[in-house]
Amino acid sequence: MKNEDFNWITIIGILIAIVLVVLIFRVIFFIFGFLWKIISGFFMLLWKGIALFFGFLWKIISGFFPFIFNVIKWIGLFLWGLFVKFLKWLAHAAGEGIKLGLAKIGAAIIASLTSMCSVSGTPVTNDWRLVLVDIDHPLQEEYVESIELATLENNEQVDARILDDLNGLLEDAVEDGVDLYVSSGFRTSEKQAALFERKVTMLMNTKDMTRQAAEEQVEKILGKASYDEHETGLAIDIVPQAEQDMQAMLAWLQDNAWKHGFIQRYTEWGQVITGMEPNPTHFRYVGKEAAKEMQNEQITLEEYIDPVLRATEKMIRCATEIALDDSHGYDQGERDGPDYDCSSLVYVCLKRAHVEIQWEPHTTHNEIESLEKCGFIYIDDISQACRGDILITDEHTGIYLGDLTTIEASGNENGKSHYGKTGDQTGKEIAIVTYTADKLSKRFSGILRYVGK
Ligand SMILES: [Zn+2]
């Protein structure tokens, strides 16, 4: 029995020992598990912290590079602008022939490199009657030296070469019972400077404007010294004699001035091109032939002397008329009129603007390659869009009016491309649309710019 007792005790002892060992192991596992959680948690935290820190660092660095890149680009563009100015100056000195060629190359390069949108025409002739003087085109010294003046009865002066036509105009008016006179003709650069300064000072005093703001406002009414066409002797301000009716005089001038070679230079419809406030009493001599064409075609001097500007503005007018006329809507079923789709709208307006294009079939798929062969350049950057550019992306195209505004044919009244009713039922099928810069850059990816052949 002693042995048996011993055995029982041994077995119980062993069992207790096993239980104890298991318990101890569990406690040890628990402790190590706990420790592991603490340690691994700490390392995870550390890792996250490091990742966050480097991520932040990367953001700063990667954000910085485009900034540096932009700064370099700006400096580059500025230097390039100076270089082209120098080229133009050089070309001017070298003579008319080179001037045209270089100016054109310069303009094309500038157009392809920068977003400077110059709407003012670049003259392609040397005709004195068509000289362009505006905020972008100062009057050249040699031109001023060559002017010969004639003096009118009231001591105002004009270029002697326009005297006969001016007298013709005044006599013609008298015959129709309209009595008018030239209140301001030729101005010297000094006189122009004084006039400009007087207006600026007046605005600064009466409207509490800064000098810069006042100058910007006055420049929409008259030019600084050397930048106003009164200094050519070809511009005149016409007013009625005291007892005469202003409206009657303006109406008569509207119908008759062109017959004597004069045009109303700053109209409401031309404002987007001239940049000048409408001025119904300011007339400009351009010669009878040019005046007749400008009157008939309703175009500005800028367009008359610059075929590229003339074409793009004509395209814009065409598209505007179609957009505002609800008898034209969107539908691919009758895309060559009376309805249009995005590319046929661009196509028909290029045709009506007399731009020689070979673009068949006229779809967005072959638009870039077709137009590139016909005097257009492609620019892969929507932020450089200028008025008169054609905007394009994979499946869509439109015409740019400047100021983030486009004309587009977008879809029929059901938002689809086929089987709609003829005409514009929503007013949005073909419409003038204004975007934010961000939305415009998402809508279109590139620009086709007409630079001529
Ligand atoms: Zn004037």
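Novice: So what's going on with the overall build of the protein chain? Residues and values would help.
Specialist: Along its length, the protein chain carries 14 helices and 12 strands. Computed over its C-alpha atoms, the radius of gyration of the protein chain comes to 37 Å, more than 25% above the 22 Å expected for a compact globule of 453 residues. With respect to the principal axes defined by its C-alpha atoms, the protein chain has extents near 160 × 55 × 50 Å. Buried positions account for 30% of the 453 residues belonging to the protein chain.

Novice: Residue-level account of the sheet that holds strand β11 (residues 430-434), with values.
Specialist: In space, the six strands of this open sheet follow the order β7-β12-β8-β9-β10-β11, with antiparallel pairing throughout. Edge positions in the sheet fall to β7 (376-379) and β11, since each has one partner strand and no second. Taking the axes of each pair of neighbouring strands and ignoring which way they run, one obtains an average angle of 30 degrees across the sheet. Pairing analysis gives four bridges linking strand β8 (residues 390-393) to strand β9 (residues 396-402), with the strands arranged antiparallel. Its bridge partner lying in β9, Leu391 is registered against Gly398. Against the sheet, helix α12 (residues 342-352) contacts β8, β9, β10 (405-409) and β11, and its axis sits at roughly 50 degrees relative to β9.

Novice: Can you lay out the packing of helix α11 (residues 307-324) against α12 for me, pointing to particular residues and giving the numbers?
Specialist: Close contact between α11 and α12 brings their axes to 8 Å; oriented N to C, the two are set at 130 degrees. Considering their axes alone, α11 and α12 lie oblique with respect to each other. Considering how the two elements wind past one another, α11 and α12 form a crossing that is right-handed. Residues Lys314, Met315, Cys318, Ala319 and Ile322 of α11 pack against Leu345, Cys349, Leu350 and Arg352 of α12.

Novice: Give a description of the packing of helix α5 (residues 189-206) against helix α6 (residues 211-218) that names residues and reports values.
Specialist: At a minimum axis separation of 9 Å, α5 and α6 run at an interaxial angle of 125 degrees. Looking at the two axes, α5 sits oblique to α6. Helix-helix and strand crossings are classified by hand; for α5 and α6 the assignment is right-handed. In this structure, α5 uses Phe196, Lys199, Val200, Leu203 and Met204 to contact α6, whose residues at the interface are Arg211, Ala214, Glu215, Gln217 and Val218. Of the residues belonging to the contact of α5 with α6, the class tally is six nonpolar, one polar and three charged.

Novice: Could you give me a rundown of α11, with the residues and numbers involved?
Specialist: For α11, built from 18 residues, the straight-helix expectation of 26 Å at 1.5 Å per residue is met to within 8% by its first-to-last C-alpha distance of 26 Å. Burial analysis of α11 places 13 of its 18 residues in the buried class, which makes it a mostly covered element.

Novice: Can you tell me about the environment of Thr393, naming the residues and giving the values?
Specialist: Relative to the assigned elements, Thr393 resides in strand β8. Taking the C-beta count within 10 Å as the criterion, Thr393 has 15 such neighbours and is therefore assigned partly exposed. With 25 residues separating them in the primary sequence, Thr393 and Ile368 have C-alpha atoms 9.8 Å apart. Residues within four places of Thr393 in sequence aside, it is in contact with Arg443, Phe444 and Ser445.

Novice: Could you give an account of the pairing of β10, with specific residues and numbers?
Specialist: The buried count for β10 comes to four of five residues, which makes it a mostly enclosed element. When β9 meets β10, the two strands line up antiparallel, connected through three bridges. Across the sheet, the residue bridging to Tyr400 is Thr406, located in β10. In sequence, β9 turns back onto β10 through a hairpin of two residues, with Asp403 there showing a positive phi of about 50 degrees. Sheet topology places β10 next to β11; five bridges connect them, and they run antiparallel. Opposite Glu408, over in β11, you have Ala431 as the bridge partner.

Novice: Tell me about α12, and please be specific about residues and values.
Specialist: With nine of its 11 residues buried, α12 lies for the most part within the structure. Among the residues of α12, those classed as buried are Cys342, Ser343, Ser344, Leu345, Val346, Tyr347, Val348, Cys349 and Leu350. Those residues of α12 that are buried are in contact with α11, α13 (367-372), β8, β9, β10 and β11. The first or second residue beyond α12 is His354, which carries a positive phi of 60 degrees.

Novice: Could you give an account of the nonpolar core, with specific residues and numbers?
Specialist: If you look at the biggest cluster of nonpolar residues, it comprises 38 residues, and the most contacted ones within it are Met315, Ala319, Leu345, Cys349, Leu391 and Ile399. Top element by residues in this core is α11. It accounts for nine residues. Those residues in contact with Cys349 that lie beyond four places of it in its chain are Met315, Cys318, Ala319 and Ile399. Among the nonpolar cores identified, the runner-up in size contains 29 residues, and Ala173, Ile236, Ile238 and Leu253 belong to it.

Novice: So what's going on with the sheet that holds strand β3 (residues 180-184)? Which residues, and what values?
Specialist: One open sheet accounts for four strands, arranged β3-β4-β6-β5; its pairing is antiparallel. Two strands bound the open sheet, and with one partner strand each, they are β3 and β5 (262-266). Within the sheet, the average angular offset between the axes of one strand and its neighbour, ignoring direction, is 50 degrees. Of the strand pairs in this sheet, strand β4 (residues 235-240) and strand β6 (residues 279-285) are connected by three bridges, and their pairing is antiparallel. In the strand pairing of β6, Ile236 is matched with Phe283. Strands in contact with helix α7 (residues 246-256) are β3, β4, β5 and β6; relative to β4, the strand with the most contacts, it is inclined by about 135 degrees.

Novice: Kindly report on unusual backbone geometry, identifying the contributing residues and their values.
Specialist: In this model, Gly337 is joined to Pro338 through a cis peptide bond whose omega is 0 degrees. Residues Glu360 and Pro361 are joined by a peptide bond in cis, for which omega reads -15 degrees. Within the element layout of this structure, Pro361 appears in the loop between α12 and α13. Unusually for a residue other than glycine, Tyr419 sits at a positive phi of about 60 degrees. Using a count of 10 C-beta atoms within 10 Å as the deciding quantity, one classes Tyr419 as exposed.

Novice: Tell me about the confidence of the model for the protein chain, residues and numbers included.
Specialist: Averaged over every residue, the pLDDT of the protein chain is 88; residues scoring 70 or more account for 91%. Within the model, the stretch residues 96-100 combines pLDDT values under 50 with five contacts to residues more than four positions away or in other chains.

What counts and how
Residues numbered from 1 in each chain as written. Predicted model: local features only at pLDDT ≥ 70, side-chain atom pairs only at ≥ 80, totals over all residues. Helix = DSSP H or I, 4+ residues; strand = E, 2+ residues; numbered from the N terminus. Rg over C-alpha atoms; globule rule 2.2 N^0.38 Å. Buried ≥ 20, exposed ≤ 12 C-beta atoms within 10 Å, placed from the backbone. Pairing = 2+ DSSP bridges. Axes fitted to C-alpha atoms, helices over the stretch in contact; angles between N-to-C directions. Contact = placed C-beta atoms within 7 Å. Parallel < 35°, antiparallel > 145°, perpendicular 65-115°, else oblique. Left-handed = near helix turned anticlockwise from the far one by under 90°. Nonpolar A, V, L, I, M, F, W, Y, C, P; charged D, E, K, R; others polar. Expected span 1.5 Å × (residues − 1). Core = buried A, V, L, I, M, F, W, Y, C linked by C-beta atoms within 7 Å. pLDDT = per-residue confidence, 0-100.

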